[in-house]
Amino acid sequence: MRKNILFPIALLSVTILAGCQGASNKVETYYDDITKESIYGRLTDFDIEPDQVKPGDTLTFTATPSKYFEIDQITNNGERCQRLRRNEDGSAVYSTVIKAGKNKLKGSYTVDPSIDFVHEFKLQISDDIFAEVIGKTKQTTGNRNDLDFRRCGIEQVGAPLKWDKGQKKSSGYFVNYVDGDTTHVETFNLGYTVKIRYLSIDTPESTSEIEEWGLTASNYSKYIYTGEETYKNSIADTTDFNGVQAGITSLILIGQDAAINAEEMTLEDLKLNSTEEGTYPATADGNQRSLAYVWYSTVENPTKDDFRCLNLEMVYQGFSYGVGSRSDTSDYIYRMFDAAHLSAQANHRHIFSGLIDNNYYYYEDTPVQNLSLKKLYEKAKTDTEIGYYPESPFCDKKTLYRVEGYVTRRLATAFYIQDKASYTQAEIDAGQCYGIYVFTYSETPIRPGDYVKVIGAISSYGGTFQMQGISYHDLDVDQNRDTIIVTRKHEITPIKLTGAQFNAKMLPQVLVELTDNIWFYNFTSEYQGVAEPIAEGGSEEINKYNEAYPFYNTSNSPIVYASFGATDNASSITSTNIRYSSSIIRFNVDQDILVTYGVETCYSYKFFVGGSYLYNPKGAEYANLNEDNEYIEYTIERTFQRKAALYDSSDPDAHGLIVISAGYESTGGNKKMTAKICSGLDINLTVIQ
């Protein structure tokens, strides 16, 4: 790996106009604004006054680099100026002969490639704010005065590890590592999940899209969080780990406004007495991800100086294509991120290295292999609870495979495929029916009934296999990379299963028709004296966090549970068996589909189970407002009736509830088959009186 090579920075200029003297004996001179605003260095101390300079004069001046930078060269109209002397502070005195016409002085500077900018960048919050933040532990009471990231813009959240008798151990906090610039963490205040999109960086993609250095960036971030050698070893050939700290035991989030105003922010700004937002609340992007700077420590009992900024570290390591706009952050933050970015370029780290990324599949050099869904599952690890477990030699998030299948259902831009349009009873009995979820953000004309060839990498998510990194083009199709629609308008025949067969057959991600009556229920489960509904989710749900702070609204898929059979057997269902009983089916309703009954629309699990507990059909942001937009206590209520999906086997045109059958694993490791409702047309509902 190449090191310590200076990287020139964009030229900064001063333009001087030196015209021949006319009758007025006046020479116009001006200085370019870019030099005045330069963050790299400045040209100053000109020995001739601006209104006195004229052709033939020898102009002397001083070039002064900013902190962390060195002078590369100073030129006048492209010709090097003469350096007269170098000063101890790093500045230097130059001279140039002024010529008639335009004289354009340019100063270029280089970053000092030996500086560890991650170490240099400091957490700027005051000592009393730091003491308050680091002193907080997990809160579940809904105390509105607690520090809260979304309201206050700063909070300590759950780190993956903790110190126990001098040893690092798992903390038990939920952390989901998405890619190099996105992580999901659990807050201390009320323990809700916050999806963090890192500010001031843009790492290559490794999820719906797959880009060079994307998986390596993701694995570097995972190594910093976990300290696990597996992630370190996967990137060891391109990464210098000298000075790198891994295994996070303390984690602080700071929002954009709080970071910009860190030096002015007072503890009083964070001490709130109502549900209103604080002085510097966190902001979110268009994908409902909260924007934050992530500060971490790996030491026991850390001080403020022990914290490092993971955002900056990803930039310094050469995992970011840019550092955002100077106008979107403070001058201090932008200077440090820009310098770290230039250091990554100067030291040829990762995306600037010109090296081969061993975690990226260069399909131009290695042809894409064909992979049948049957072979994928035959090589998968088996599991007694859901039949299979998504661990496979094909599942490396890197290698591209070509998989063929019939499209069964779409979810927004993503879709499911299975290996056959219909299955024989023998294939069903043998469990030889195979499907997979194809994850993509790109809009395509792919529809149910299409037979497609999909090229992507295989990964696992939540107990299922998925394909990611899909490419599609209408024109200039690349047969070795793009997804191709081969034929259209095939009839896909759902596999008919009873509820018991659904839970027992454990067919992976194929289209299923349930031939039982489905009775939706909701029960509460009590833990540490707090009763919670077992069903959950909904794009307009006021969840436990929203109950205290109703101005915030989240979006996620409703989860409901249902029994099956000929009658409504609610008496046999209890809060202890509803989740994992073999007589219960777990349903997931995609947030992007429309399910209706009468005038009702499914925004919540209450649509299925009835009731109005903590539910507002207008959306959580309206929960405490009356018709005059005045703040009030909860007065908006709506009564819902519990519903069932009834199947009339005597009607040849009737169909049961149609779902995708998939394995599911919770973050706590519990496993159960789940039925994914992907279309409102797949479900017929009846109100239970």
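Residues numbered from 1 in each chain as written. Predicted model: local features only at pLDDT ≥ 70, side-chain atom pairs only at ≥ 80, totals over all residues. Heavy atoms only, no water.

1. Concerning the overall build of the chain
Now for step 1: On a plain count of helices and strands, the chain comes out with 15 helices and 39 strands.
Now for step 2: When each of the 689 residues of the chain is scored for burial, the buried share is 54%.
Now for step 3: Here the analysis covers contacts within the chain between residues at least 6 apart in sequence; of these, 70% occur between residues at least 24 apart.
Now for step 4: For the chain, the accessible surface area stands at approximately 30,900 Å², while carbon and sulfur atoms represent 45% of it. (Helix = DSSP H or I, 4+ residues; strand = E, 2+ residues; numbered from the N terminus. Buried < 20%, exposed > 50% of the residue type's maximum accessible area, 1.4 Å probe, protein only. Contact = heavy atoms within 4.5 Å. Areas by Shrake-Rupley, 256 points an atom, 1.4 Å probe, with all protein chains shown as cover.)

2. Considerations on unusual backbone geometry
Now for step 1: Positive phi is not limited to glycine here, since Ser 200 has a value of about 70 degrees.
Now for step 2: Of note, Ser 200 is situated in the loop between β14 (193–198) and α5 (214–226).
Now for step 3: According to the relative accessible area criterion, Ser 200 is buried, its value standing at 15%.
Now for step 4: Phi is positive for Asp 476, which is not a glycine, with a value near 50 degrees.

3. Digging into the packing of aromatic side chains
Now for step 1: Scanning the model with the defined rule gives 26 aromatic pairs in all.
Now for step 2: On the basis of an interplanar angle of 45 degrees and a centroid distance of 5.1 Å, the ring pair of Tyr 416 and Tyr 437 is categorised as tilted. With Tyr 416 in strand β22 (residues 414–418) and Tyr 437 in strand β23 (residues 435–438), this residue pair connects regions lying 21 residues apart in the sequence. The pair formed by Tyr 416 and Tyr 437 is uniform in burial state, with each residue classed as buried.
Now for step 3: Members of the aromatic cluster, each reached through a chain of ring pairs, are Phe 121, Tyr 293, Trp 295, Tyr 332 and Phe 337.
Now for step 4: We note Arg 349 situated over the ring of Tyr 316; from NZ or CZ to the ring centre the distance is 4.1 Å. (Phe/Tyr/Trp six-rings, centres within 6.5 Å; stacked < 30°, edge-to-face > 60°. Lys NZ or Arg CZ within 6 Å of the ring centre and 35° of its normal.)

4. Focus: the pairing of strand β24 (residues 451–461)
Now for step 1: Of all 11 residues that make up β24, 8 are buried, and the element is covered over most of its length.
Now for step 2: Sheet analysis places strand β21 (residues 400–411) next to β24, joined by 7 bridges and oriented antiparallel. Across the sheet, the residue bridging to Gly 405 is Val 452, located in β24.
Now for step 3: Judged from the 3 bridges that link them, β24 and strand β26 (residues 484–487) form a sheet pairing that is antiparallel. Across the sheet, Val 452 pairs through a bridge with Ile 485, a residue of β26.
Now for step 4: By the bridge criterion, 5 bridges tie β24 to strand β25 (residues 464–468) in an arrangement that is antiparallel. Across the sheet, the residue bridging to Ile 458 is Met 467, located in β25. (Pairing = 2+ DSSP bridges.)

5. Quick look at the environment of Gly 166
Now for step 1: One can find Gly 166 in the loop between β10 (161–164) and β11 (167–170).
Now for step 2: Owing to a relative accessible area of 39%, Gly 166 belongs among the partly exposed residues under this scheme.

6. Structural notes on the pattern of salt bridges
Now for step 1: In the structure shown here, the tally under the stated rule is 21 salt bridges.
Now for step 2: Glu 79 is the salt-bridge partner of Lys 99, the closest N and O atoms lying 3.8 Å from each other. Of the two residues, Lys 99 is situated in the loop between β7 (92–97) and β8 (101–111) and Glu 79 in strand β5 (residues 79–80); the sequence distance between them amounts to 20 residues.
Now for step 3: Taking the relative accessible area as the measure of exposure, Lys 99 reaches 44% and is therefore partly exposed. (Salt bridge = Lys/Arg side-chain N within 4 Å of Asp/Glu carboxyl O.)

7. Some points on the sheet that holds β7
Now for step 1: If you walk across this open sheet you meet the 4 strands as β2-β3-β7-β6, and the pairing is antiparallel. Only two strands of the sheet have a single neighbouring strand rather than two, namely β2 (41–44) and β6 (82–86). Recorded for the sheet is a direction-independent mean angle of 25 degrees between the axes of neighbouring strands. (Axes fitted to C-alpha atoms, helices over the stretch in contact; angles between N-to-C directions.)

8. Digging into the environment of Gln 591
Now for step 1: By secondary structure assignment, the location of Gln 591 is in the loop between β33 (584–589) and β34 (596–597).
Now for step 2: Its relative accessible area of 35% is what places Gln 591 among the partly exposed residues.
Now for step 3: Sequence separation between Gln 591 and Cys 678 is 87 residues; the distance between their C-alpha atoms is 9.1 Å.

9. As for the side chain of Thr 464
Now for step 1: Within the fold, Thr 464 resides in strand β25.
Now for step 2: The class of Thr 464 is buried, set by a relative accessible area of 10%.
Now for step 3: Sequence-distant contacts of Thr 464, defined by excluding residues within four places in its chain, comprise Tyr 388, Pro 390, Ser 459, Gln 509, Ala 662 and Gly 663.

That is the geometry; function is a separate question.
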